[in-house]
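Examination of the molecular architecture
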Amino acid sequence: MSYTDNVKTPIGNIQITATDQVITSIAFGEELPVYTNELTLSAQAQLYAYFSGHSTLFELPLAVSGTLFQQRIWEQVNQIPYGSASNYSAIAESIGNIRAVRAAANAIGRNTFAIVVPCHRVIGRNGSLTGYRWEAWRKEWLLNFEQQRSR
């Protein structure tokens, strides 16, 4: 069975999709028809808590699917603290392969869990807001939002 829900945020609608056991995606996009379950409602509540500034962590069972390399990169992205940023080179270096910067960037771009796997916290080494699957202006908004609340 497949379930869907939406979260209206200051930076657009977030679509939540799930099965009976796991969240399958959290992505910016048009509103989906609503057919909720316990997981979609939990994800919705946690996203509302994030956007209201009451929570910085997510506890959701995610159906993370990707290559072993992609999963290692996403694990590193999950280590970036709220209100902070890292860069693609540092992520590649953290898995022991400084030459894998482009591959790391590609893996980060394939993340299907907006905000929950905080790929918006990864920026260019020079501070530029390069590459964000859901548009650079959202990345900038999210970084500013988190930095203001972490002070």
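Our subject in this report is the structure included herewith. (Residues numbered from 1 in each chain as written. Predicted model: local features only at pLDDT ≥ 70, side-chain atom pairs only at ≥ 80, totals over all residues. Heavy atoms only, no water.)

**Focus on the packing of helix H2 (residues 68-78) against helix H4 (residues 101-109)**
Across the interface, H2 lies against H4 with an axial gap of 9 Å and an inter-helix angle of 80°. One way to sum up the angle between H2 and H4 is to call them roughly perpendicular. On H4, the residues touching Phe 69, Gln 70, Ile 73, Trp 74 and Val 77 of H2 are Ala 103, Ala 104, Ala 107 and Ile 108. Taken together, the residues of the contact of H2 with H4 sort by class into eight nonpolar, one polar and no charged. (Axes fitted to C-alpha atoms, helices over the stretch in contact; angles between N-to-C directions. Helix = DSSP H or I, 4+ residues; strand = E, 2+ residues; numbered from the N terminus. Parallel < 35°, antiparallel > 145°, perpendicular 65-115°, else oblique. Contact = heavy atoms within 4.5 Å. Nonpolar A, V, L, I, M, F, W, Y, C, P; charged D, E, K, R; others polar.)

**Remarks on the layout of surface pockets**
Sizing a probe to match a water molecule and rolling it over the atoms shows the empty space that remains. For the largest pocket, the calculated volume is near 230 Å³. Surrounding the largest pocket, 14 residues form its lining, Thr 56, Leu 57, Phe 58, Asn 78 and Val 116 being those nearest its centre. Looking at the lining of the largest pocket, its residues break down into ten nonpolar, two polar and two charged. (1 Å grid on protein atoms, 1.4 Å probe; cavity = no way out; pocket = protein on both sides within 12 Å on 5 of 7 lines; lining within 4 Å. Points joined across faces, edges and corners; volume = space filled by probe spheres on them.)

**Focus: the packing of aromatic side chains**
In this structure the tally under the stated criterion is ten aromatic pairs. Considering the side-chain rings of Tyr 50 and Phe 145, the 5.4 Å spacing of their centres and the 50° angle between planes classify their relative orientation as tilted. Taken as a pair, Tyr 50 in helix H1 (residues 38-51) and Phe 145 in helix H5 (residues 136-149) lie far apart in primary sequence, 95 residues in all. The buried category is assigned to Tyr 50, whose relative accessible area is 1%. Assessed through its relative accessible area of 5%, Phe 145 is described here as buried. Consider the rings of Tyr 132 and Trp 134, whose centres lie 5.6 Å apart with planes at 70°: the pair is edge-to-face. For the pair Tyr 132 and Trp 134, one class covers both residues: buried. The structure contains a cluster of three or more aromatic residues connected by ring pairs, namely Tyr 50, Phe 51, Phe 58, Tyr 82, Trp 141 and Phe 145. Above the ring of Phe 28, the side-chain terminus of Arg 138 is found at 4.5 Å from the ring centroid. (Phe/Tyr/Trp six-rings, centres within 6.5 Å; stacked < 30°, edge-to-face > 60°. Buried < 20%, exposed > 50% of the residue type's maximum accessible area, 1.4 Å probe, protein only. Lys NZ or Arg CZ within 6 Å of the ring centre and 35° of its normal.)

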